[in-house]
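Take a look at the letters that make up each chain.
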Amino acid sequence: MKNYLKNVFPPQITPQNQPIPGTNQVPNSAGGYSWAVTPWQRLQRFLVLGSEGGSYYISERALTLENASNVLACIKADGLHVVQEIVALSESGRAPKNDPAIFALALVAAYGTDEARAAALAAIPQVCRTGTHLFQFAEMVQGFRGWGRGLRRGMAAWYTALETRRLAYQVVKYRQREGWTHTDTLRLAHPKPVSETQGMIFKWVTRREEAAWARAIQPPADEALAFIWAFERVQTAPDAASVIQFIEQYDLPREALPTQWLNDPAVWEALLVKMPLTAMIRNLGVMAKIGLLTPLSAAEKTIIGRLGDANLLRKARVHPLAVLSALRVYAHGRGVRGDGVWSPTARVIDALDEAFYLAFQNVEPTGQRLLLALDVSGSMGGGMIAGVPGLTPREGAAAMAMVTARTEPQYSMVAFQDQIVPLNISATMRLDDVVRATSGLPFGATDCAQPMLYALEKKMKVDTFVVYTDNETWFGSIHPAQALRQYRDQTGIPARLVVVGMTANNFTIADPNDGGMMDVVGFDSAAPQIISDFTLGKV
Ligand code: CA
């Protein structure tokens, strides 16, 4: 009887197609057993990774529904806390896209308690920082609830809180999205202007034909009104020279210009002077295509200078994934929709490569021995990360691992499926080459215990295993958590395990009851720092 018990409790070896006895493991989508993350962890995964493009196992629609019902469960448990999480994550710029935050905020605004709904509506200006965000919110919230007084007031506050120059910028730059315009939202929200100028801007939006000042020969003295006046005037500008004059004098953004001027290199050169960093990164291909961004050009120098400025990147909340996405498109020399080709310049590619690392929060090297293990099994080759076309969890995992690899003096990088897979990646490689190196690998079954078993077999001394995976492990004869304990027992090293979740699903291979195992969310721009803190035992 004693032996019998010893074999079962504590269970040391359990095949992955069975749950470890005495634990609350749940079946994952691959037919194996993992732990379920808590609803709050899943909320974090959703806010960072979103559900666009679905995953290997599940369609976008199904993944969105799963995450929506998880958000609803969190709202039921503590709606105010959900709002806090949304605001914190959205404002920090840790997520590649703001869409999941807006979606979750709309859910609280519809399904929270009175108190939670009020908090959600009060948070609209913090989460919806542009006109586009506001339109997205309006479209989503309308799907969940009616236009009650609270909602109208919340929308109105978004407008009245804006200082007039910023308001003018918002109504000119973001004129429509998702079938919404400011005319629609202003008519619904009906804000009471807090100043005369604000009232004039509202009126220009809702009854443009009545705002004669916007079409006068002379610009208004007020800066905000003059910006709108310049927008009106540039619509009928006769030549590029006068367009450029309006840009230089009034800081008009690209969105304010009639499209016929957007093929002109001189116009883009004028735009580039004040172009927001995110817009600059997104439009590198366009600037190359029209002949502005060429080798040794002034534009190239400006762009490289900005990409190398860490403070600028952080201030503009440039997310590393946006840089990676731009790098892949730009280096490819061809637009995503097949519109236009260009010759990328090597220095811009290098600058984008550097900017990717700079855009992460400061990462301190731990000096510990790290094994970075990339799950390159079949499922990691399906779905996409945060809606970036063609960026699979597998490729995303390689890019994330590079951040730690470039920081740490002592690391080893391996890839695994149901066995260790040779992977030719080094920390000196360029990111687009790294991504390419992983995308062509053959598909295979998943055994997330492989990194620990490999380290045991090779007698590697590892302080922390970092596994980048979708947590859909199923193939192995021992669970990853058990393999880690075996590694600790046999080596005497109190090794830790960090699981970097690359899809917004419900699973983790980390044992939630083991303080030496932790989950972080892939493509959270704070993830490398969290990994570093955990490795040093700070969290
Ligand atoms: Ca898999």
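The rules behind each value
- Residues numbered from 1 in each chain as written.
- Predicted model: local features only at pLDDT ≥ 70, side-chain atom pairs only at ≥ 80, totals over all residues.
- Heavy atoms only, no water.
- Pairing = 2+ DSSP bridges.
- Helix = DSSP H or I, 4+ residues; strand = E, 2+ residues; numbered from the N terminus.
- Contact = heavy atoms within 4.5 Å.
- Axes fitted to C-alpha atoms, helices over the stretch in contact; angles between N-to-C directions.
- Buried < 20%, exposed > 50% of the residue type's maximum accessible area, 1.4 Å probe, protein only.
- Domains from an automatic or database assignment.
- Buried area = accessible area lost by both parts, 1.4 Å probe.
- Salt bridge = Lys/Arg side-chain N within 4 Å of Asp/Glu carboxyl O.
- Polar contact = N/O pair within 3.5 Å; in protein donor to acceptor, adjacent residues only side chain to side chain.
- Nonpolar A, V, L, I, M, F, W, Y, C, P; charged D, E, K, R; others polar.
- Donors = N, O, S within 2.8 Å, 3.2 Å for Na, K, Ca; no water.

### Side note on the sheet that holds strand S9 (residues 496-501)
Link 1 in the chain: Read from one edge of the open sheet, six strands run S7-S6-S5-S8-S9-S11, paired in mixed fashion. In this open sheet, the two strands that pair with only one neighbour each are strand S7 (420-421) and strand S11 (517-521).
Link 2 in the chain: Pairing of strand S6 (residues 411-416) with S7 involves two bridges; the strand directions are antiparallel. Residue pairing across strands places phenylalanine 416 opposite isoleucine 420, the latter belonging to S7.
Link 3 in the chain: Relative to the sheet, helix H21 (residues 393-407) contacts strand S5 (370-375), S6 and strand S8 (464-469), its axis offset from that of S5 by approximately 170 degrees.

### Considering helix H13 (residues 240-250)
Link 1 in the chain: Residues of H13 that are buried: Ala240, Ser242, Val243, Ile244, Phe246, Ile247 and Tyr250.
Link 2 in the chain: One or two residues past the end of H13 sits aspartate 251, with phi positive at roughly 55 degrees.

### Here we look at the domain arrangement of the protein
Link 1 in the chain: Per the domain assignment, the segments making up the protein are domain 1 (26-39 + 364-535) and domain 2 (275-318 + 320-358).
Link 2 in the chain: A C-alpha centroid distance of 30 Å is found between domain 1 and domain 2.
Link 3 in the chain: Every contact between the two is made by 17 residues of domain 1 and, on the other side, 14 residues of domain 2.
Link 4 in the chain: Together domain 1 and domain 2 conceal approximately 1400 Å² of surface at their shared face, both sides included; 71% is due to carbon and sulfur atoms.
Link 5 in the chain: Per-residue buried area on domain 1 facing domain 2 is highest for Arg406, Arg430 and Leu431; these three make up 39% of the total on that side.
Link 6 in the chain: Where domain 1 packs against domain 2, one counts two salt bridges.
Link 7 in the chain: Between glutamate 395 and arginine 328 there is a salt bridge, and its shortest N-O distance comes to 3.7 Å.
Link 8 in the chain: Run the count over domain 1 and domain 2 and you get four residue pairs in polar contact (both at pLDDT 80 or more).
Link 9 in the chain: Within the side of domain 1 that touches domain 2, the residues separate by chemical class into eleven nonpolar, two polar and four charged.

### Notes on the coordination of the calcium ion
Link 1 in the chain: Ligation of the calcium ion by protein atoms is provided by Ser377 (OG), Ser379 (OG) and Thr446 (OG1), these donors lying 2.2 to 2.4 Å from the ion.
Link 2 in the chain: All donor residues of the calcium ion come from one chain, and their arrangement in sequence is S-x1-S-x66-T. With a gap of 69 residues between them, serine 377 in the loop between S5 and H21 and threonine 446 in the loop between helix H22 (431-439) and helix H23 (450-457) connect regions that are remote in the sequence.
Link 3 in the chain: The class for threonine 446 is buried, based on a relative accessible area of 2%.

### A few points about the pairing of S11
Link 1 in the chain: The element S11 is largely enclosed, with a buried count of five among its five residues.
Link 2 in the chain: Neither face of S11 is left uncovered, since the one carrying Met517, Asp519 and Val521 and the one carrying Met518 and Val520 both have all their residues buried.
Link 3 in the chain: When S9 meets S11, the two strands line up parallel, connected through five bridges. For valine 499, the partnering residue across the bridge sits in S11 and is aspartate 519.

### Brief notes about the pattern of salt bridges
Link 1 in the chain: Under the counting rule described, the total for this entry stands at 22 salt bridges.
Link 2 in the chain: One salt bridge in this structure joins glutamate 255 and arginine 254, with 2.9 Å as the shortest N-O distance.
Link 3 in the chain: On the accessibility criterion, glutamate 255 (24% relative accessible area) is partly exposed.
Link 4 in the chain: The closest approach of N and O atoms between arginine 430 and aspartate 432, which form a salt bridge, is 2.9 Å.
Link 5 in the chain: Connected via shared salt-bridge partners are Arg430, Asp432, Asp433 and Arg436.

### Here we look at unusual backbone geometry
Link 1 in the chain: You will see that histidine 190, though not glycine, has its phi angle at about 50 degrees, which is positive.
Link 2 in the chain: Mapped onto the secondary structure, histidine 190 falls in the loop between helix H10 (182-189) and helix H11 (196-206).
Link 3 in the chain: Positive phi outside glycine occurs at phenylalanine 523, with the angle close to 65 degrees.
Link 4 in the chain: The residue phenylalanine 523 is located in the loop between S11 and helix H25 (527-535) in this model.
Link 5 in the chain: Assessed through its relative accessible area of 0%, phenylalanine 523 is described here as buried.

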